[in-house]
Amino acid sequence: MREKIFCAYCGGKLISKMREDRKRLVCSSCGQIVYENPIPATAAVVLDDKNRILLVKRGVEPCRGGWSLPGGFAEIDETIEEAALRELAEETGIKGKIVRLIGVYSQPSPQYKNVLLVGYLVKALSSNLSPSDDAVELRFFDKDSLPDVCFEGHRRFIEASLGVKPRGKY
Ligand SMILES: [Zn+2]
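Peer 1: Would you mind showing me how to read the coordination of the zinc ion here?
Peer 2: Reference values for angles at a metal are 109.5 degrees in the four-donor tetrahedral case and 90 or 180 degrees in the six-donor octahedral case. Bound to the zinc ion on the protein side are C7 (SG), C10 (SG), C27 (SG) and C30 (SG), at distances that span 2.3 to 2.4 Å. In primary-sequence terms, the residues that donate to the zinc ion follow C-x2-C-x16-C-x2-C.

Peer 1: What is the right way to read the domain arrangement of the chain from this model?
Peer 2: Interfaces are often sized by the accessible area lost when the parts come together. Assigned domains of the chain: these are domain 1 (1-36) and domain 2 (39-162). Its C-alpha centre places domain 1 at a distance of 33 Å from the equivalent point of domain 2.

Peer 1: What am I meant to see in the state of the cysteines here?
Peer 2: Each disulfide consists of one covalent bond between the sulfur atoms belonging to two cysteines. Counted according to the given criterion, the structure contains one disulfide. Across the disulfide, C63 is cross-linked to C150 (sulfur-sulfur distance 2.0 Å). Negative torsions about the S-S bond denote left-handed disulfides, and the value of about -70 degrees found for C63 with C150 makes this one left-handed. Residue C63 is located in the loop between β5 (53-58) and β6 (67-68), and its partner C150 is located in the loop between β10 (135-141) and α2 (152-162); the two are separated by 87 residues in the primary sequence. Each of the two residues, C63 as well as C150, counts as buried.

Peer 1: What is the right way to read the side chain of Q107 from this model?
Peer 2: With respect to the helices and strands, Q107 occurs in strand β8 (residues 96-109). The class of Q107 is buried, set by a relative accessible area of 3%. Of the polar contacts made by the side chain of Q107, one reaches the backbone nitrogen of E152; its length is 3.1 Å. Look past the residues within four positions of Q107 in its chain and what remains in contact with it is K113, N114, V115, L117, F151, E152, G153 and Y170.

Analysis parameters
Residues numbered from 1 in each chain as written. Predicted model: local features only at pLDDT ≥ 70, side-chain atom pairs only at ≥ 80, totals over all residues. Heavy atoms only, no water. Donors = N, O, S within 2.8 Å, 3.2 Å for Na, K, Ca; no water. Domains from an automatic or database assignment. Disulfide = S-S within 2.5 Å. Helix = DSSP H or I, 4+ residues; strand = E, 2+ residues; numbered from the N terminus. Buried < 20%, exposed > 50% of the residue type's maximum accessible area, 1.4 Å probe, protein only. Polar contact = N/O pair within 3.5 Å; in protein donor to acceptor, adjacent residues only side chain to side chain. Contact = heavy atoms within 4.5 Å.

Below, the structure written as structure tokens:
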């Protein structure tokens, strides 16, 4: 994760200080404390009528070129459920409906350090696939022929949905 150097509010230099019993970055000019928190992100499990699971081949880092569940980061003005459906639609063209929460997993990340991954089972309301820039390929996989899947949280959501845990990194 990249180090923050300047205060986002006043441009003052950030220094590391003890605040609330831990080291935090504090603005040397206005005193603003920089709170670093896990970033909320979504992952959607979409199954077709043959119980095959939709995976996307990633066009972006981390794990570029690897397969993962469709998903991404929540925006500030949406609920986490809206984020899951928006990211699914953006990456795959599929309009969906939340069926249920699968689980929540704290996913270590090379770029963001710690991502709070929220997994949903989603019912597809449309079936025509149209990959976006973030996804270079979309494919439904049978649970007996899953490829390696990026991110431990995604693998756990798949295991919770299909009873099979794929291999993979991150
Ligand atoms: Zn400041």
